[in-house]
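# Remarks on the overall topology
One-letter residues, chain by chain:
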Amino acid sequence: MRIATFNVNSIKARLPALLQWLEETRPDVACLQELKCLDADFPAAALEAAGYGAIWQGQKSWNGVAILARDTAPVEVRRGLPGDAEDTQSRYLEAAVDGVLVACLYLPNGNPAPGPKFDYKLGWMTRLARHVAPLLAQPAPVVLAGDWNVIPTEADVYKPASWVGDALFRPEPRAAFAALVEAGWTDALRHLHPDATIYTFWDYMRQRWQRDAGLRIDHLLLNPAAARRLQAAGVDREVRGRERPSDHAPTWVELSAAAAESRSR
């Protein structure tokens with residue numbers, strides 16, 4: 001089972017690129033972020049024609065998340081991150097797909113830091129940690145997939161010194177991310193590729209794609225039940241180099257079937 005996350009940076013502007021990637025790689029589940037469209041404008045018909053059922057939560061101009069499932073309909077479990085009744089930003093969806101619980105999340109950027117936007121980011125991460133704590137021990141696989149807007153370590157950024165003070169690299173969100181890993185969530189990419197240089201985002205400015213001046217900010221965290229089934233993880237880098245690309249590349253994991261896990265036990 002291949003589960004991918006992809007910040008599309010406007011689903012209307014990138015729909016041809018999204019459909020091309022879906023046709024080429026055929027992920028079983030695709031979590032999308034930064035839809036930048038209202039619910040009514042979500043291209044559900046085009047995705048259905050491509051073989052994907054979908055649930056989504058849009059927002060005008062900004063944010064927006066969706067979960068796609070190949071040849072089936074995702075079963076919605078939760079819409080919105082609990083813990084703040086006044087938070088109306090479209091940043092969190094949960095769905096069950098073929099026995100796996102998938103959370104699609106789009107963490108706040110948090111800049112400028114310090115400031116209200118950074119405080120919102122830290123509060124959002126606190127709420128996330130509280131919400132997913134019970135999911136850690138679930139017997140079913142759970143995958144937290146999305147654009148986390150967090151650079152976990154110096155190994156995840158092309159030039160650490162240039163990011164000191166940025167909300168993506170400040171100590172507080174990095175510590176919050178590390179606390180999830182220490183609690184038992186597996187950072188799939190880093191777990192399988194501990195020493196590799198891996199980026200998932202390249203800014204449009206200053207030829208950062210051409211210079212490979214990237215960041216790793218798109219992550220898939222797995223609970224122990226999912227981690228036991230982890231077979232592969234990677235980044236579809238070539239998608240970032242195509243015409244009119246998103247500034248992110250799709251990032252994915254492959255989980256073995258439950259039957260395969262039982263045989264291995």
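The structure we're discussing is the one just above.
This text gives an overview of the structure that appears in the document. Every value quoted in this text rests on a predicted model; they were computed, and no experiment measured them.

Right, let's get into the sheet that holds strand S12 (residues 251-255). Here six strands make up an open sheet; going across it, the order is S3-S4-S2-S1-S12-S11 and the pairing mixed. Each of the sheet's edge strands pairs with one partner strand only, and the pair in question is strand S3 (52-57) and strand S11 (230-235). Neighbour-to-neighbour, the strand axes of the sheet open up by a mean angle of 15°, direction not taken into account. In the sheet, S3 pairs with strand S4 (residues 65-70) via six bridges, with the strands oriented antiparallel. For Gly-53, the partnering residue across the bridge sits in S4 and is Ala-69.

Here we take up the pairing of strand S6 (residues 92-97). For S6, the buried fraction is high: five of the six residues fall into the buried class. Examined bridge by bridge, strand S5 (residues 75-79) and S6 share four bridges and lie antiparallel to one another. Its bridge partner lying in S6, Arg-78 is registered against Glu-94. Pairing between S6 and strand S7 (residues 100-106): six bridges, direction antiparallel. Along S7, the bridge assignment pairs Leu-93 with Cys-104. The loop that links S6 with its antiparallel partner S7 comprises two residues; one of these, Asp-98, has a positive phi angle of about 50°.

This paragraph deals with the pairing of S4. Within S4, five of the six residues are buried, leaving the element largely enclosed by the surrounding structure. Here strand S2 (residues 29-33) pairs with S4 via five bridges, running antiparallel. Opposite Val-29, over in S4, you have Ala-69 as the bridge partner.

Moving on: the side chain of Thr-5. Relative to the helices and strands, Thr-5 resides in strand S1 (residues 2-7). In this structure Thr-5 comes out as buried when scored by relative accessible area, which is 0%. Within the structure, the side chain of Thr-5 is placed 2.9 Å from the side chain of Gln-33, a separation counted as a polar contact. Those residues in contact with Thr-5 that sit more than four places away from it in its chain are Cys-31, Gln-33, Ala-145, Gly-146, Asp-147, Asp-218, His-219, Leu-220, Ala-249, Pro-250 and Thr-251.

Counting across every chain of the model gives 12 salt bridges. The partner of Arg-79 in a salt bridge is Glu-76, and the shortest N-O contact between them spans 2.8 Å. Overall, Arg-79 belongs to the partly exposed group, its relative accessible area being 37%. Glu-76 gets classed as partly exposed once you look at its relative accessible area, which sits at 36%. Between Arg-170 and Glu-172 there is a salt bridge, with its nearest N and O atoms 3.4 Å apart. On the basis of relative accessible area, Glu-172 is assigned to the partly exposed category, the value being 32%. Through salt bridges that share partners, Asp-156, Asp-187, Arg-190 and Arg-216 make up one connected network.

Rules and cut-offs
- Residues numbered from 1 in each chain as written.
- Predicted model: local features only at pLDDT ≥ 70, side-chain atom pairs only at ≥ 80, totals over all residues.
- Heavy atoms only, no water.
- Pairing = 2+ DSSP bridges.
- Helix = DSSP H or I, 4+ residues; strand = E, 2+ residues; numbered from the N terminus.
- Axes fitted to C-alpha atoms, helices over the stretch in contact; angles between N-to-C directions.
- Buried < 20%, exposed > 50% of the residue type's maximum accessible area, 1.4 Å probe, protein only.
- Polar contact = N/O pair within 3.5 Å; in protein donor to acceptor, adjacent residues only side chain to side chain.
- Contact = heavy atoms within 4.5 Å.
- Salt bridge = Lys/Arg side-chain N within 4 Å of Asp/Glu carboxyl O.

By themselves, these observations are geometric and do not establish any function.
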